[in-house]
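# Geometric and topological summary
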Amino acid sequence: MMAAGICTAGAMLLLGATGLMNLIYKLIPRCVVRGIQLSQGLSFALNAVEYVRKEQDFSKPNYGNGEKRGWLGLDGLILSIFCACFIVIVSGCGEAGEDAGEEAGEVIIMEVENGDERERAVRKAIASLPSAFLVFSLGVVFAFIRKPKMVYEIRFGPSRMEVVKISKQAWKTGFVKGTIPQLPLSVLNSVIAVCKLSNDLFPAGKRLSATSVSVTVGAMNLVGCWFGAMPCCHGAGGLAGQYKFGGRSGTCVVILGVVKLGLGLALGSSLVVVLREFPVGVLGVLLLFAGIELAMASRDVNSKEDAFAMLVCSAVSLVGSSAALGFLCGIVVHLLLKPDKVVMMVIKLVCGLKRRCC
């Protein structure tokens, strides 16, 4: 896994540094990007529903084939439904496409034209609640209630870090089984979709560069994977989740990073003890709303031809479990429906390559 992460990171860094990622970003039609976002969002939502409906044992390969979750208990359906209703009441149906500086409370106040000041104040207070943080905190509390003795299993201090030793066979397996199938998804969901979604959510803000996103994805994995860090990226699902639950600037991500770094240095691997008892149903609820927010980005596709290409891309991605295959089908359908686009894409490609060579 570390070998796959390092190889993928090297490819992403190369694509970004040479400017090829920016060229790819300009060539891919918006309807195909929306198809990838729709399929990824629905995929997250479908997995989330399974987390809520069935018991999960993530230590087993087929963890999704567990028994149906009971209604009662510290990880029952009632708890999941309560958390879902709470998020709907506080966050509503999402705000993708609203102005970046617009707060949920301001939107609600505009809708309440004839309400009294007290009602407006209550609605504004509800809308300002950090719903995701409160639901996550509730899950942590329930985790300690489920297993009170885990307090004695917590050890303070960071875990030991060491450089991962990767054999020749691991490099080969990681590249063939990890990098090759992952690279198209990383390009589409971790760079192209992130840039498109960021520009949609924050139209008045600074335009996100595909080059910078690709370079940072490559750089952080080239460093982290050598020390056993899981490969990570600026996923569109993460951005949608941050926005859904109130994030409006880079400050919230910086705060999140500082908190995670602090917990890692303070508790180390003891965090796994807590996370193992965290209610999976609550995790499913959070993932459900993040997935829906990502899928909602596709609602701005207006023409029938673009919608057709988007849905073909999404359907193939979901059924075939391959974003690369869905992307290819979406591109083919888009070009068949709009043959004039083929000429324009070829011209852009030639001009872009000529500028790189010069």
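Rules of the game
- Residues numbered from 1 in each chain as written.
- Predicted model: local features only at pLDDT ≥ 70, side-chain atom pairs only at ≥ 80, totals over all residues.
- Heavy atoms only, no water.
- UniProt positions renumbered as here; feature names shortened; annotations may be inferred.
- Helix = DSSP H or I, 4+ residues; strand = E, 2+ residues; numbered from the N terminus.
- Axes fitted to C-alpha atoms, helices over the stretch in contact; angles between N-to-C directions.
- Parallel < 35°, antiparallel > 145°, perpendicular 65-115°, else oblique.
- Contact = heavy atoms within 4.5 Å.
- Nonpolar A, V, L, I, M, F, W, Y, C, P; charged D, E, K, R; others polar.
- Expected span 1.5 Å × (residues − 1).
- Buried < 20%, exposed > 50% of the residue type's maximum accessible area, 1.4 Å probe, protein only.
- Patch = residues over 30% accessible without salt bridge, like charges linked within 9 Å, V, L, I, M, F, W, Y side chains within 5 Å.
- Areas by Shrake-Rupley, 256 points an atom, 1.4 Å probe, with all protein chains shown as cover.
- Salt bridge = Lys/Arg side-chain N within 4 Å of Asp/Glu carboxyl O.

The name given to the chain in an unreviewed UniProt entry is Molybdate transporter 1, and the organism recorded there is Linum tenue.

## Considering the UniProt feature "transmembrane region" (unreviewed entry) in the chain
With numbering matched to this structure, UniProt assigns "transmembrane region" (unreviewed entry) to residues 72–92, 125–145, 252–272, 278–296 and 308–337. Within the segment residues 125–145, helix and strand shares are 86% and 0% respectively, and the terminal C-alpha atoms sit 29 Å apart. Helix makes up 86% of residues 252–272 and strand 0%, and the two end C-alpha atoms of the span are 24 Å apart.

## A short note on the packing of helix α10 (residues 236–244) against helix α13 (residues 280–295)
At their nearest, the axes of α10 and α13 sit 8 Å apart, and the two run at 105° to each other. With respect to α13, the axis of α10 lies roughly perpendicular. Side by side, α10 and α13 meet where Ala236, Gly237, Ala240, Gly241, Tyr243 and Lys244 of the first sit next to Phe289, Ala290, Glu293 and Leu294 of the second. Looking at the contact of α10 with α13, its residues break down into six nonpolar, two polar and two charged.

## Remarks on helix α1 (residues 2–17)
Given a rise of 1.5 Å per residue, 16 residues ought to cover 22 Å, and the 22 Å separating the end C-alpha atoms of α1 matches this to within 8%. Buried within α1 we find Met2, Ala3, Ala4, Gly5, Ile6, Thr8, Ala9, Met12, Leu15 and Gly16. The first or second residue beyond α1 is Gly19, which carries a positive phi of 85°.

## Description of the side chain of Ser80
In this structure, Ser80 sits in helix α4 (residues 77–91). Residue Ser80 is classed as buried on the basis of its relative accessible area of 2%. Excluding its chain neighbours within four sequence positions, the residues that come into contact with Ser80 are Val52, Gly281, Val282 and Val285.

## Quick look at a nonpolar patch on the surface
A cluster of nonpolar side chains, Ile89, Val122, Ile126, Leu129, Phe133 and Leu134, forms an exposed patch at the surface whose accessible area comes to about 530 Å². Mapped onto the nonpolar patch, the elements with two or more residues apiece are α6 (117–127) and α7 (131–146). For Ile89, the position within the fold is in helix α4.

## Examining α13
The α-helix advances 3.6 residues per turn, and as a result positions three or four apart in sequence lie on the same side. Its 16 residues give α13 an end-to-end C-alpha distance of 22 Å, which sits within 8% of 22 Å, the value for a rise of 1.5 Å per residue. In terms of burial, α13 is a largely internal element, 12 of the 16 residues being buried. Taken residue by residue, α13 has Val280, Gly281, Val282, Gly284, Val285, Leu286, Phe289, Ala290, Gly291, Glu293, Leu294 and Ala295 as its buried positions. Check the buried side of α13 and you find it contacts α3 (30–53), α4, α7, α8 (168–201) and α10.

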